[in-house]
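# Tertiary structure, described
Given next are the chains, with one letter for each unit.
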2 protein chains.
Amino acid sequence: MNDFLIFHWLKEVNHWGKTPEGGISRLAFSQEDKGARKYVIDLMEEYGMEVRIDEAANIIGKYAGTEPDLPAVVIGSHLDSVPSGGKYDGVLGVLSGLEVVRHLAQNNIRGRHSLEVIVFSNEEGCRYPYTLFGSSVMMGDFHKPWEEIKNMQDEQGIKLVQEIKELGGKPEKLFLARRNPEQIKAFLELHIEQGLVLEDKGVSIGIVEGISAPIRFVLKLMGSADHAGATPMVLRRDPLMGASEIMLALERIVKETSVTAVGTVGQINVSPGAVNIIPGTVTLSFDIRDIDLAARNQIVRNLEKVIREVCQTRDLKYDFQEIFNISPVMLDTQMISLIEQVCQEMEIPAIKMISGAAHDAMVMANHVPTGMIFVPSVAGISHNPSEYTRNEDIMKGVEVLGQTVLRLIK
Amino acid sequence: MNDFLIFHWLKEVNHWGKTPEGGISRLAFSQEDKGARKYVIDLMEEYGMEVRIDEAANIIGKYAGTEPDLPAVVIGSHLDSVPSGGKYDGVLGVLSGLEVVRHLAQNNIRGRHSLEVIVFSNEEGCRYPYTLFGSSVMMGDFHKPWEEIKNMQDEQGIKLVQEIKELGGKPEKLFLARRNPEQIKAFLELHIEQGLVLEDKGVSIGIVEGISAPIRFVLKLMGSADHAGATPMVLRRDPLMGASEIMLALERIVKETSVTAVGTVGQINVSPGAVNIIPGTVTLSFDIRDIDLAARNQIVRNLEKVIREVCQTRDLKYDFQEIFNISPVMLDTQMISLIEQVCQEMEIPAIKMISGAAHDAMVMANHVPTGMIFVPSVAGISHNPSEYTRNEDIMKGVEVLGQTVLRLIK
């Protein structure tokens, strides 16, 4: 592959949802998302793909193989973004798939297996809270009751079902979008790393060995909202001091338990929240991830123990609720070996690593042999207008993806 | 004093600003405040007081002594409340003064010294941010520039000067409200404790020895807002973990430095504030008080040292800004002895204590001999609809106040 149209396409797609700060707000099923989807569908058709929209509004483009009954090789990712997100997250995976198809089409290469490029709908789950929606529906892992789906609306009161319909989906028949895993030989996703590991090691390609999924909790600590001046230190029941102990304990426990684990408090709210009132209630979010489920469970148990102890010592009440839980997955060892081999033959330095972020590949990996290729995020920045991946790294990623596909569709 | 009208008056005044939760929202200069002021002015006149409104809209009721040139004994507090505050804070001090006047008037008792009851305007500083406004103007401690005062408005855009005028003040001539401290023999304020000390000790009367004033800071800690999944623990620059260390250090430093000191973080905000993003910025408020200014300064120095160290270790940037600073004051030892003596003679158990909250008495104490009487707050609750002080404690407080006044006006 000597020429690349992906940079031109990236620019074109990213007109949809461009923000004044140079970022992208292309929420799932929005006008911006619709524009980007239309652009991608046109490209698919331009390079001879057969395009269909499934019931979940996933876009499935098929570059037919010579033996149509063989299971397909699938490249997939998403076009939707977080609010004020970046130009690479998701869209790069879709367009790199199209770059591979264009290369095959223009060189009249056709394997025995078909090659599909899929745009999964609503990966981010920001506008409607069903993260990994399209891939989960396709793999039969979406289990929300119809009553809930039917009434689900965004902040403006626009219904999810209405938006899915407008994109050509059939929300009342989501189950029909489910595919038999045997129809899929392999799933591949190229994605930006969204972290600092590749940058830190100075390599262009990360071969994902496993995806470290989060378990999330909300912790509410309840003490007594007393006067900041009139309440001696020894008579206080300050939940924010308790929260501080618990947050530092989380950091310590995570580091002690597993080198691949991470733990984050991203949200904290205090009530009443006045400079001269001791907090009465503090609410914290916890996001804990590891590729090693046993270690992740151990971290949660140790954290709960600390919460109990801190609340006892400080005379606080607490409520600790799990709000989200996906199990981590290991990716297919044969796919990992294949991508590793491709990198070696192409003399592109690569490292094996885990993904700390969730991806559609995480859903797919539970059902079909899945491989994932990471390219570096400069300064580790993602979900941010400053998200950036160098063109030379993107080119290497697309070439590794293309060579991997060539071996799989044969 | 065998009969009390104060409970009836409390009920009547607290019709003004009553909230559905049973609390009081009587913001300074509001319609509710106006109603309460009118009620109090009527009472003052009913018991033979000469009433005037000064330039700062303070209400000054005078029960004349037999030697009008002698300096007056002054009882003062406030009628304004915080939003959704309680039924006792401030108003109890005003009405207890009136109860004393009523007792004198109905028994035809008149001292050589005049007795004044003052309603200070805008003590809370919630609607317009000039806490202790009326007393500060009266004592010449209010130094805001006219340009600022002139333009000061509340959230609805209503100007402070307009409101002061409506209440009979002259905002453009505030300086005329300043009084010569030599006109005041003594200042007395009865107030609810707003803390847990009297309840904890099981006594009805606190004799305030000093008022512990706050110094306040805003600390902004800046790290890197990275992906909660994709950023290994060792590559993080998490300002919330830094904040946790600093908050616990504050607690430790305050306890180690002074038994009378208190330190509070009442506000904390993280940005971007998403469950799956490591905080990039954390903003904290600090409120640090002590009756001992040297100890308070020591606490601030030690806190700053910890902030520097934590930020160095965790590779964070910070900005630490002082936003408020009043010096603590000790109350007049002769006044303390006098109140103590009254309590002993009346066989009412009392303890000497410090006030952690600021009061108009704090302003007065820098200029005139000042005494302050605390009555218990049940469960230490204040600035809250649940604020409650038992009638029997109020009666004891009013009696101690009355006896103290009798000795001072002689």
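Residues numbered from 1 in each chain as written. Chains lettered and ligands numbered in written order. Predicted model: local features only at pLDDT ≥ 70, side-chain atom pairs only at ≥ 80, totals over all residues. Heavy atoms only, no water.

Attention now goes to the overall build of chain A. A count of helical and extended segments in chain A gives 12 helices and 14 strands. Since a compact globule built from 410 residues should have a radius of gyration of about 22 Å, the 23 Å found for chain A is in line with a globular shape. Each principal axis of the C-alpha atoms in chain A carries an extent, and together these give about 80 × 45 × 40 Å. Out of the 410 residues belonging to chain A, those deemed buried represent 59%. (Helix = DSSP H or I, 4+ residues; strand = E, 2+ residues; numbered from the N terminus. Rg over C-alpha atoms; globule rule 2.2 N^0.38 Å. Buried < 20%, exposed > 50% of the residue type's maximum accessible area, 1.4 Å probe, protein only.)

Attention shifts here to the packing of helix α1 (residues 6-13) of chain A against helix α2 (residues 31-46) of chain A. Residue and element names in this part refer to chain A. Viewed as axis vectors pointing N to C, α1 and α2 meet at an angle of 150°, and their least axial separation amounts to 10 Å. In terms of their interaxial angle, α1 and α2 are classed as roughly antiparallel. Touching His8, Trp9, Glu12 and Val13 of α1 are Ala36, Tyr39, Val40 and Leu43, all from α2. The residue inventory of the contact of α1 with α2, partitioned by class, reads six nonpolar, one polar and one charged. (Axes fitted to C-alpha atoms, helices over the stretch in contact; angles between N-to-C directions. Parallel < 35°, antiparallel > 145°, perpendicular 65-115°, else oblique. Contact = heavy atoms within 4.5 Å. Nonpolar A, V, L, I, M, F, W, Y, C, P; charged D, E, K, R; others polar.)

Accessible area lost when the parts come together is the quantity often used to give the size of an interface. Taken together, the contact between chain B and chain A spans 51 residues of the former and 53 residues of the latter. One can count two salt bridges joining chain B with chain A. Across the pair Arg314(B) and Glu251(A) runs a salt bridge, and its minimum N-O distance is 2.7 Å. Here chain B is connected to chain A by eight residue pairs in polar contact (both at pLDDT 80 or more). Counting residues per element, the side of chain B that touches chain A draws most heavily on helix α8 (residues 239-257) of chain B, at 10 residues. (Salt bridge = Lys/Arg side-chain N within 4 Å of Asp/Glu carboxyl O. Polar contact = N/O pair within 3.5 Å; in protein donor to acceptor, adjacent residues only side chain to side chain.)

Let us now look at the relation of the copies chain B and chain A. Superposing chain B onto chain A takes a rotation of 180° plus a shift of 0.1 Å along the axis, which leaves an RMSD of 0.1 Å. The relationship between the two copies is best expressed as a two-fold rotation axis. Relative to the rotation axis, the closest C-alpha in chain B is found at Ser244(B), a distance of 2.1 Å. An overlap of 100% is found between the interface residues of chain B and their copies at the interface of chain A, pointing to a shared contact surface. (Least-squares fit on C-alpha atoms with pLDDT ≥ 70 in both.)

What follows concerns the pairing of strand β1 (residues 50-53) of chain B. Residue and element names in this part refer to chain B. Pairing geometry for β1 and strand β2 (residues 59-63), over four bridges, is antiparallel. From the neighbouring strand, Glu50 faces β2, where its bridge partner is Lys62. Counting the residues in the hairpin turn of β1 and β2 gives five residues, including Ala57, whose phi is positive at 70°. (Pairing = 2+ DSSP bridges.)

All names here are of chain A. Two numbers describe how α1 lies on helix α3 (residues 91-106): the axes approach to 10 Å, and their chain directions differ by 140°. Considered as vectors, α1 and α3 are oriented oblique to each other. Note on packing geometry: the crossing formed by α1 with α3 is right-handed. Mapping the contact onto sequence places Ile6, Trp9, Leu10 and Val13 in α1 and Val91, Leu92, Leu95, Ser96, Leu98, Glu99 and Arg102 in α3. Its residues assigned to classes, the contact of α1 with α3 comprises eight nonpolar, one polar and two charged. (Left-handed = near helix turned anticlockwise from the far one by under 90°.)

Right, let's get into the domain arrangement of chain A. Residues and elements named next belong to chain A. Domain annotation for chain A reports domain 1 (6-212 + 328-409) and domain 2 (213-325). With 11 residues of domain 1 at the interface, the matching set in domain 2 holds eight residues. Across the interface of domain 1 and domain 2, roughly 700 Å² is buried in total on both sides, 70% from carbon and sulfur atoms. It is Ser212, Pro328 and Ile354 that lose the most area in domain 1 upon contact with domain 2, and together they represent 68% of the buried surface on that side. Summed over the shared surface of domain 1 and domain 2, the result is zero salt bridges. For the side of domain 1 that touches domain 2, the secondary structure elements donating two or more residues are β6 (205-211) and β12 (329-330). (Domains from an automatic or database assignment. Buried area = accessible area lost by both parts, 1.4 Å probe.)

Our next topic: the pairing of strand β7 (residues 213-222) of chain B. All names here are of chain B. Counting buried positions over the 10 residues of β7 gives seven, a clear majority of the element. In terms of strand pairing, β7 meets strand β11 (residues 317-325) through eight bridges, oriented antiparallel. Its bridge partner being in β11, Lys220 is matched across the sheet by Asp319.

Right, let's get into helix α10 (residues 333-346) of chain B. Residue and element names in this part refer to chain B. Across its 14 residues, α10 extends 20 Å between first and last C-alpha, which sits within 8% of the 20 Å expected from 1.5 Å per residue. Buried within α10 we find Met335, Ile336, Leu338, Ile339, Val342 and Cys343. In an axial view of α10, the angular spread of the buried residues amounts to 165°, which keeps them on one side of the axis. Opposite the buried face of α10, at more than 90 degrees from it, the exposed residues are Thr333, Gln334 and Gln344. The inward-facing, buried residues of α10 abut β5 (184-192), β6 (205-211), β13 (350-355), β14 (370-375) and α12 (391-409). (Expected span 1.5 Å × (residues − 1). Arc of directions from axis to C-beta.)

Okay, the packing of aromatic side chains next. Applying the stated criterion to the full structure yields 20 aromatic pairs over all chains. For the pair Phe286(A) and Phe320(A), a centre-to-centre distance of 6.2 Å together with 75° between the ring planes defines the contact as edge-to-face. Here Phe320(A) lies in strand β11 (residues 317-325) and Phe286(A) lies in strand β10 (residues 281-290), a separation of 34 residues in the sequence. Grouping residues by exposure puts Phe286(A) and Phe320(A) together as buried. On the numbers, 5.9 Å between centres and 50° between planes, the contact of Phe120(B) with Phe187(B) is tilted. One end of the pair, Phe120(B), is in strand β4 (residues 115-120); the other, Phe187(B), is in strand β5, and 67 residues separate them in sequence. Under the relative-accessibility criterion, Phe120(B) is labelled buried at 1%. One aromatic cluster in this structure is built from Tyr130(A), Phe133(A) and Phe142(A). Above the ring of Tyr63(A), the side-chain terminus of Arg110(A) is found at 4.4 Å from the ring centroid. (Phe/Tyr/Trp six-rings, centres within 6.5 Å; stacked < 30°, edge-to-face > 60°. Lys NZ or Arg CZ within 6 Å of the ring centre and 35° of its normal.)

Residue and element names in this part refer to chain B. Along the chain, the position of Leu43 falls in helix α2 (residues 31-46). With relative accessibility at 4%, the residue Leu43 sits in the buried group. With residues up to four places along the chain from it excluded, the contact list for Leu43 reads Trp9, Leu95 and Leu98.

Turning our attention to the environment of Ile277(B). Looking at where Ile277(B) falls in the secondary structure, it is placed in the loop between β9 (268-271) and β10 (281-290). Under the relative-accessibility criterion, Ile277(B) is labelled buried at 15%. Beyond its immediate stretch of four places on either side in the chain, Ile277(B) contacts Thr264(A), Gly266(A), Ala225(B), Asp226(B), Ala228(B) and Pro272(B).

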